[in-house]
Amino acid sequence: MTSTGHRAPTGDPMLTARFAPPAVPKLLVHRPELLGRLTAGAQGPLTLINGPAGSGKTVLTAHWAADGRAPRPPIWLTVEPDDAPGAFWAYVLEALHRGGAALPAEVGRPTRAEGVTRSFLVRLADGLAASAQPAVLVLDQFDTTQPPATSEGLDFVLRHAAGGLRIVLTSRSDSLLPLHRYRAAGEITEIRHADLRFTDADAEALLSEHHLTVSPAGIRLLMERTEGWAAGVRLCALAMQRGADPEAFLRQFAADRTTIADYLLTEVLDAQPPSTQDLLLRVCVTDRVHPDLADALTGRDDGARTLAGLARENAFLEQIDASAWYRLHPLFAEVLRAHLRQRRPGLEPRLHGRAARWLARTGRLTEAVLQGAAAGDWQFAAAQLVDNLALGRLLTGLEADQLGQAFAGMPTGTPGLAPALVGAAARLAAQDLPGCEAGLRRADDVLADASPTDDPSADPCGPAARFGRAFLGVLVGRPADDMTATERAAAEADRLLRELPPPLLAERPELRALLLAHLGAVELGAGRLDRAESTLAAAVAACGPPGTESPLCGALGSLALTELLRGRLRQAAEHARASLAVAERSALPAERRAGTDHLVLAGVAFERDDLPAARHHLDLATAAPGPRPDRATAVRAAVIEARITAAEGDGDAALAAVRAVDPAGLPAWAADELAVAESAVHLARGDAAAALRVLDAVQAPDGDRPERAAARAKALLAASRDADAARALAAVPADDRVPTPVRAHACLLHARIAEAAGDAREAHRRLDEALALARPEELRRVFVDCGPWVLRTLRQDPRVARSHGWLTPPAPARRARTASAPQAAPQAYGQPPVVEPLSARETEVLRKAADLLSTEEIGAELYVSANTVKTHLKSVYRKLGVTRRSEAVHRAQDLGML
């Protein structure tokens, strides 16, 4: 449709459609915040709405124009890219005339399409300045394709109209207007691509308008794929309407098979010159692109200029954080890759290979490996990991899953030492022990065929590859439960570490952390608690830099288990909570958490007779989706589960827990642990004979361990064989090498024997000794398990009972006790009562303190100052009747507050 009045300078009629705003879609997402910014911007000279194709620029502006929010009805003009300056100004005058702007006749009209005179611009600016009301002019699609003279003229009129003209520009690219001047003067409102992106709430509202119900997870997936691109969200909604299962569409849709591909190819790719199209098709094989990388992929030298131009034009390519790197919108990249395969079959792998080598030369290891794997060049990709001492990245760090997926397609038996080592590491990460061992055997075959040499530089395999084999030998020793092989591999790894470049080792902190964490775990599994403690402490000290979060959690968990086995409950709990805190702070995925920390906390809670807490932590440990526990952890888990279940009154389930562990090949300490746990269940059921049979069935070539000797003495006492029990207790030495719970247990058994013999003085002495041993760690359960005679003995001397108020279990634990578990001590004494309840904020602060966070860290997490945290802590101390943070945490745990 055309106008019947003025004509363009070319003599053609004016196109009426260019003066009409587009119709607002019926299914519209209302965006009041952006509409408000448009209204505020129209109070000033210039408003810029800038974003890529389909980002919703025109829809937003048309909605604003129709919504009546502007100070006066906006005047609309759609700008065409081929408008010459004279034609542009003719259309502007016609738009102003149709919009009711009164301009004097002296302004005149352009007579030449090629341009206008300076005098015309002066008359127009003066006429607008004299207007009673400012004209609000929307210039839709005003892009850099406009001639410079057009932008210069518009800037002149806008600056000299004295507030009589207010411009709203929509564009894909920044116009040639001097935007920096408007910014410096505070005379511009900008709505950019980041503002136009849909939020989750916007996407949900649009889907609702289409009568689609999608889960929050589905919304997140849609936003992840589209990155809030309005047209992409709308096109997906239309496609979902045509399908039977919207959620399935979101999980499975391929952008290149939808109308999204047609839109992007037509609106974005086809709009570019052939050389730019070629560049886009080549750089789409990488997640991000540097100008030099673009040149390497195209064989040209125009990468910097072309990429910068595409970013300015919002051509679905953006600069990354003001760096030299760029990234394509993921949907556009997906469409481009499909188009590349169709137009240039076989080119994609070669581009991946070219990118891999450029990235490797510039020190971008992970990206080089991923590109090499995508090219199917497994020898190159694997060699990058091995030669750069980066095998540990398959097992820990933020890139572990990504690297594992990259090598999932590597064929089994790919020739070469590096592929064998990488394949073994990948199988180990997937907990496939046979697959890992097969890969290591292939690596050993290659190493055996290599000729050893005195010159390391002439070694056909190289020290890095040999270190990789030793490194994996240590790590596989844990699931394989092979102490000898692990020690041999650890010694070899330690020797080779001294031959490797120190600067490279400094960049790989995860290597030493993983070596020590796994070696310590293997030593723990062999029952070498002293060595395990030393090695694991060194592992913790080696952690800290990024990439060591997983071994740090593992080392802290194993160290906590070591302390639990020694009976050092406070240290065990501290290490376990530290492990949990590291996992939370680093957002370690659940599948990488072993659950040892919760297992230890369950054991600590049980020893302190807090059955609800013990059950809670045990359930969390057993439900952990992380790696399967090693034998040592599995044995301890079975023992703790059996003890808790028996205390809850379910003897059958307790026996089942113990018997679920395969006894074949267990070390002596583990077999003892299981036998002691099973004997305790039999005793709880009143079957002393069965308890003795279980203990006697365990082979003890080195004599009775203290744990087994104490358990046997208890069973003998239950069988009324007091003299035999006393002889059995002789195998429990009274020194610090014996775990505190075992020593306390032995003292109580001595006291029981003395009481039965009528020696009250000896009984009280032994009981006092047990109380002194148990008090520092608050070992309550050992008194409960020894039966009601402890309570009777305490009642005979109330003074002793009053001095040991710590024997009173936490309130939740007292309520949860079963009839089969008699209480250990009177409950009328203990710690001072709580003065008043903690506030919600005080409880939050105390929880953070329990996670071992510093005052400053607590403040950062709760968005308060360090002084505010200190004030809350002082209030907590007052209410709990303590003077230190550690005492407050323990007191709150005892009271069931944490």
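A brief structural summary.

Conventions adopted
Residue positions are counted from 1 within each chain, in the order its sequence is given. Thresholds applied to this predicted model are a pLDDT of at least 70 for local features of residues and 80 or more for the giving and counting of side-chain atom pairs; totals over whole chains, interfaces and linings are not thresholded and use all residues. Only hydrogens and water are removed before side-chain values are computed, so all heavy atoms of the structure are retained for them. By the criteria applied, helices consist of DSSP H or I runs no shorter than four residues and strands consist of E runs no shorter than two, each listed in order from the N terminus. Radius of gyration here is computed from C-alpha atoms only, and the compact-globule reference equals 2.2 Å multiplied by the residue count raised to the power 0.38. Note on contacts: a residue pair qualifies if any of its non-hydrogen atoms lie within 4.5 Å across the two residues. Note that His is not counted, nor are the chain ends; the positive residues are Lys and Arg, and the negative ones are Asp and Glu. To locate a charge, the coordinates of NZ of Lys, CZ of Arg, CG of Asp or CD of Glu are taken. Between any two strands, pairing holds if DSSP finds at least two bridges. Here the axes come from fitting lines to C-alpha atoms, over the contacting stretch only for helices, and the angles between their N-to-C directions go from 0 to 180 degrees. We count a salt bridge whenever a side-chain nitrogen from Lys or Arg sits within 4 Å of a carboxyl oxygen from Asp or Glu. Per-residue accessibility, obtained with a 1.4 Å probe over protein chains only, is compared with the maximum for each type, and a residue is labelled buried under 20%, exposed over 50%, and partly exposed between these values. By this rule, a helix spans an expected 1.5 Å times one less than how many residues it contains. Patch building starts from residues that exceed 30% relative accessible area and form no salt bridge, then joins like charges within 9 Å and nonpolar side chains (Val, Leu, Ile, Met, Phe, Trp, Tyr) within 5 Å. Here the open area of atoms and residues is found with the Shrake-Rupley method and a 1.4 Å probe, where only the protein chains shown may cover a residue. By the definition adopted for this analysis, an angle is roughly parallel if under 35 degrees, roughly antiparallel if over 145, roughly perpendicular if from 65 to 115, and oblique otherwise. By the convention adopted, Pro, Cys, Tyr, Trp, Phe, Met, Ile, Leu, Val and Ala count as nonpolar, Lys, Arg, Asp and Glu as charged, and the other residues, Gly among them, as polar. Polar contacts here mean pairs of N or O atoms no more than 3.5 Å apart (in protein, one a potential hydrogen donor and the other a potential acceptor; neighbouring residues in sequence count only if both atoms are side-chain atoms). Each crossing gets its hand from how the near helix is turned against the far one by less than a right angle, where anticlockwise is left-handed and clockwise is right-handed. Aromatic rings from Phe, Tyr and Trp, taking only the six-membered ring of Trp, are treated as a pair when their centres fall within 6.5 Å; an angle between ring planes under 30 degrees marks them as stacked, one over 60 as edge-to-face, and anything in between as tilted.

## Re the overall build of the chain
Right, so step 1: Counting its secondary structure elements, the chain contains 47 helices and 9 strands.
Right, so step 2: Taken against the 2.2 N^0.38 rule, which gives 29 Å for 898 residues, the C-alpha radius of gyration of the chain at 38 Å runs more than 25% over that of a compact globule.
Right, so step 3: Taking the principal axes of its C-alpha atoms as reference, the chain extends roughly 125 × 75 × 50 Å.
Right, so step 4: When contacts within the chain are restricted to residue pairs at least 6 apart in sequence, those whose partners lie at least 24 apart make up 69%.
Right, so step 5: Positive and negative side-chain charges of the chain, numbering 103 and 111 respectively, have mean locations separated by a distance of 3 Å.

## Points about the environment of Glu399
Right, so step 1: Along the polypeptide, Glu399 turns up in the loop between α19 (378-387) and α20 (400-406).
Right, so step 2: With 148 residues separating them along the chain, Glu399 and Gly547 place their C-alpha atoms 8.8 Å apart.

## Remarks on the sheet that holds strand β4 (residues 75-78)
Right, so step 1: Taken together, the 5 strands give an open sheet; going across it, the order is β4-β5-β6-β3-β7, and neighbouring strands pair in parallel fashion. Here the strands that pair on one side only, and so sit at the sheet edges, are β4 and β7 (188-191). For this sheet the average axis-to-axis angle between neighbouring strands, irrespective of direction, equals 15°.
Right, so step 2: Note that strand β3 (residues 46-50) and β7 share 4 bridges and pair parallel. Looking at β7, one finds that Leu46 is bridged to Ile188.
Right, so step 3: Docked against the sheet, helix α1 (residues 32-41) engages β3, β6 (165-171) and β7, running at close to 160° with respect to β7.

## Side note on the pattern of salt bridges
Right, so step 1: Evaluated as defined, the whole model comprises 61 salt bridges.
Right, so step 2: Residue Arg192 is joined to Asp174 by a salt bridge in which the shortest nitrogen-to-oxygen separation is 2.6 Å. Of this pair, Arg192 sits in the loop between β7 and α7 (193-196) while Asp174 sits in the loop between β6 and α6 (179-184), and the two are 18 residues apart along the sequence.
Right, so step 3: Judged by relative accessible area, which is 22%, Arg192 ranks as partly exposed.

## Some details on unusual backbone geometry
Right, so step 1: Even without being glycine, Ala162 reaches a positive phi, approximately 55°.
Right, so step 2: One can find Ala162 in the loop between α5 (148-160) and β6.
Right, so step 3: Although it is not a glycine, Leu389 sits at a positive phi angle of roughly 55°.
Right, so step 4: Locating Leu389 in the fold gives a position in the loop between α19 and α20.
Right, so step 5: What makes Leu389 buried here is its relative accessible area of 3%.

## Here we look at helix α17 (residues 347-361)
Right, so step 1: For α17, built from 15 residues, the straight-helix expectation of 21 Å at 1.5 Å per residue is met to within 8% by its first-to-last C-alpha distance of 22 Å.
Right, so step 2: The complete set of buried residues in α17 reads Leu347, Glu348, Leu351, His352, Gly353, Ala355, Ala356, Trp358 and Leu359.
Right, so step 3: For α17, the elements touching its buried residues are α13 (274-283), α14 (291-298), α16 (330-343), α18 (365-374) and α19.
Right, so step 4: Just past α17, the residue Gly363 takes up positive phi, approximately 80°.

## Some points on the side chain of His339
Right, so step 1: You can see His339 is positioned in helix α16.
Right, so step 2: In this structure, His339 is in contact with Leu265, Leu269 and Leu281, ignoring residues within four places of it in sequence.

## Considering helix α38 (residues 740-756)
Right, so step 1: For α38, built from 17 residues, the straight-helix expectation of 24 Å at 1.5 Å per residue is met to within 8% by its first-to-last C-alpha distance of 24 Å.
Right, so step 2: Most of α38 is tucked away: 13 of the 17 residues are buried.
Right, so step 3: Positive phi shows up at Gly758, right after α38, with a value of about 80°.

## Topic: the pairing of β3
Right, so step 1: In terms of residue burial, β3 counts as a mostly covered element, since 5 of its 5 residues are buried.
Right, so step 2: Of the two faces of β3, the one lined by Leu46, Leu48 and Asn50 and the one lined by Thr47 and Ile49 are each fully buried.
Right, so step 3: Relative to β6, β3 runs parallel, the two being bridged by 5 bridges. By the bridge assignment, Leu48 is partnered in β6 with Leu169.

## Some points on a positive patch on the surface
Right, so step 1: On the surface, a cluster of positive charge is made up of Arg343, Arg344, Arg350 and Arg354.
Right, so step 2: Here Arg344 lies in the loop between α16 and α17.

## Notes on the environment of Arg181
Right, so step 1: For Arg181, the position within the fold is in helix α6.
Right, so step 2: Relative accessible area serves as the criterion here: at 49%, Arg181 is assigned to the partly exposed category.
Right, so step 3: When the C-alpha positions of Arg181 and Arg288 are compared, they lie 32 Å apart, and in sequence the two are 107 residues distant.

## Some thoughts on the packing of α13 against α14
Right, so step 1: Viewed as axis vectors pointing N to C, α13 and α14 meet at an angle of 100°, and their least axial separation amounts to 9 Å. Classified by the angle their axes make, α13 and α14 are roughly perpendicular. Residues Asp278, Leu279, Arg282 and Val283 of α13 pack against Ala294, Leu297 and Thr298 of α14.
Right, so step 2: Taken together, the residues that form the contact of α13 with α14 break down as 4 nonpolar, 1 polar and 2 charged.

## Quick word on the side chain of Asn314
Right, so step 1: Mapped onto the secondary structure, Asn314 falls in the loop between α15 (303-312) and β8 (317-319).
Right, so step 2: Of the polar contacts made by the side chain of Asn314, one reaches the backbone oxygen of Arg172; its length is 2.6 Å.
Right, so step 3: When near neighbours in sequence (up to four residues on either side) are disregarded, Asn314 contacts Asn50, Gly51, Pro52, Ala53 and Arg172.

## Quick word on the packing of helix α30 (residues 596-607) against helix α31 (residues 611-623)
Right, so step 1: The contact between α30 and α31 brings their axes to 7 Å, and the two run at 165°. By the angle between their axes, α30 is roughly antiparallel relative to α31. Relative to α31, the crossing made by α30 is left-handed. Across from His598, Leu599, Leu601, Ala602, Ala605 and Phe606 in α30, the residues of α31 making contact are Leu611, Ala613, Ala614, His617, Leu618, Leu620 and Ala621.
Right, so step 2: Split into classes, the residues belonging to the contact of α30 with α31 amount to 11 nonpolar, 2 polar and no charged.

## A short note on the packing of aromatic side chains
Right, so step 1: Following the criterion strictly, the structure yields 10 aromatic pairs and no others.
Right, so step 2: Between Trp89 and Phe120 the ring centres are 6.4 Å apart and the planes differ by 70°, which places this aromatic pair in the edge-to-face class. Taken as a pair, Trp89 in helix α3 (residues 85-98) and Phe120 in helix α4 (residues 118-129) lie far apart in primary sequence, 31 residues in all.
Right, so step 3: Between Trp378 and Phe407, the ring centres sit 6.0 Å apart and the planes meet at 45°, which makes this aromatic pair tilted. Within this pair, whereas Trp378 is found in helix α19, its partner Phe407 is found in the loop between α20 and α21 (417-429), the two being separated by 29 residues in sequence. Assigned by exposure class, Trp378 and Phe407 land together as buried.

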